[in-house]
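Overview (structure and organization)
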Amino acid sequence: MKVFYDLHLHSCLSPCGSDDMTPNNLVNMAALLGYQLIAVTDHNACGNAGAAMEAGRAAGLVVVPGMELCTAEEAHVVCLFPTLETAEAFEAFVKKNSPPLRNRPDIFGRQFLLDNRDEVVGEEDRMLIAASLVTAEEAAKKARALGGTAFPAHVDRDSYSLIASLGAIPPEPDFRTAEISPQGDPRALLRTNPELAGKLLLMDSDAHYLENMPDPAAWLDLPENTPQALVAVLNGELSVRWYHPGWGEAPCGVFSGRSS
């Protein structure tokens with residue numbers, strides 16, 4: 001089934017996210033725009049994922065729990081999980097392996113924890129935008145050990161991407177998927193970074209504000225619209241057709257250097 005997705009969205013838990021990005025607001029905006037599958041990926045935390053999943057069930061939209069991890073290399077890696085429990089286990093791992101820094105709301109913004117009615121139930125006091133002590137390789141291995149997946153975020157950007165930090169996407173871990181921002185040029189990236197060849201290419205918004213959530217454009221031809229099927233595809237366990245607006249349709253999840 002052809003599923004329109006956005007697997008990189010921030011709620012008001014992210015200090016740089018709008019206070020309007022409540023679980024219900026972002027889920028219902030996604031449903032209104034026409035998405036069938038989204039992921040809530042706050043910086044180094046997943047505290048609002050459960051509320052968003054509940055809102056998704058009410059709206060008829062599948063919500064995948066996840067996190068945008070800032071790795072020890074100061075690169076962003078999106079980590080997604082099949083269940084809330086596995087996402088929370090990964091969050092506990094990240095907390096244990098992060099510097100003991102406290103948020104400064106007056107500088108970085110507040111980090112709200114909300115329930116399924118969008119009522120504030122607390123604030124996260126960790127500085128969520130700080131780099132963790134977890135490397136990209138460790139993040140990928142831990143995510144997969146918990147039944148999840150990980151992929152490098154917005155690899156076309158000149159900051160907070162693995163390519164910007166390391167010059168290339170490393171061979172280890174074996175990322176089967178990479179994310180390019182809507183403004184990125186996948187053909188130009190392939191010329192400079194041939195390690196992208198053979199990877200499934202995602203396009204996500206990385207939206208921090210409701211008004212920055214775009215109309216659906218990219219899709220995956222999933223066997224079923226579930227977090228489990230998504231994780232299997234992104235880990236390369238299942239091959240599917242996919243579509244990226246800057247590239248076209250690709251068979252079997254392969255970004256080979258030619259369109260179909």
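This text goes with the structure placed above it.
Predicted model only: the values in this text are computed from it and were never measured.

Attention now moves to the overall build of the protein chain. On a plain count of helices and strands, the protein chain comes out with 8 helices and 12 strands. Against the 2.2 N^0.38 benchmark of 18 Å for 260 residues, the protein chain shows a C-alpha radius of gyration of 17 Å, consistent with a compact globule. Judged by the C-alpha coordinates and their principal axes, the protein chain covers about 50 × 40 × 30 Å. Expressed as a percentage of the 260 residues in the protein chain, the buried residues total 55%. Here the contacts in the protein chain between residues at least 6 apart in sequence split such that 70% fall between residues at least 24 apart. Carbon and sulfur atoms make up 50% of the accessible area of the protein chain, which amounts to about 10500 Å² in all.

All told, the structure shown has 11 salt bridges when counted by the stated rule. The residue Arg 117 makes a salt bridge to Asp 115 at a minimum N-O spacing of 3.9 Å. By relative accessible area, Asp 115 is classed as buried at 17%. One salt bridge connects Arg 157 with Asp 206, and the closest N-O pair in it is separated by 2.9 Å. Of the two residues, Arg 157 is situated in the loop between β7 (149-152) and α6 (162-166) and Asp 206 in the loop between β9 (200-203) and β10 (219-221); the sequence distance between them amounts to 49 residues. According to the relative accessible area criterion, Arg 157 is partly exposed, its value standing at 29%.

Our focus in this paragraph is the nonpolar core. With 52 residues, the main nonpolar core has Leu 7, Leu 37, Leu 80 and Phe 90 as its most contacted residues. Setting aside its immediate chain neighbours within four residues, Phe 90 contacts Met 67, Leu 69, Cys 79, Phe 81, Ala 139, Lys 142, Ala 143 and Leu 146. In this structure, Met 21, Leu 26, Met 53 and Leu 210 belong to the second largest nonpolar core, which totals 16 residues.

A few words on helix α8 (residues 227-234). Counting along an α-helix, one turn takes 3.6 residues, and residues three or four places apart therefore face a common direction. Of all 8 residues making up α8, 7 are buried, and the element is well covered by its neighbours. Those residues of α8 lying buried are Pro 227, Ala 229, Leu 230, Val 231, Ala 232, Val 233 and Leu 234. At the C-terminal side of α8, Gly 236 shows a positive phi close to 80 degrees.

On to the pairing of strand β6 (residues 120-123). Summarising the sheet, strand β5 (residues 112-114) and β6 pair through 3 bridges and their orientation is antiparallel. Along β6, the bridge assignment pairs Leu 113 with Gly 122.

Criteria and thresholds
Residues numbered from 1 in each chain as written. Predicted model: local features only at pLDDT ≥ 70, side-chain atom pairs only at ≥ 80, totals over all residues. Heavy atoms only, no water. Helix = DSSP H or I, 4+ residues; strand = E, 2+ residues; numbered from the N terminus. Rg over C-alpha atoms; globule rule 2.2 N^0.38 Å. Buried < 20%, exposed > 50% of the residue type's maximum accessible area, 1.4 Å probe, protein only. Contact = heavy atoms within 4.5 Å. Areas by Shrake-Rupley, 256 points an atom, 1.4 Å probe, with all protein chains shown as cover. Salt bridge = Lys/Arg side-chain N within 4 Å of Asp/Glu carboxyl O. Core = buried A, V, L, I, M, F, W, Y, C linked by side-chain atoms within 4.5 Å. Pairing = 2+ DSSP bridges.

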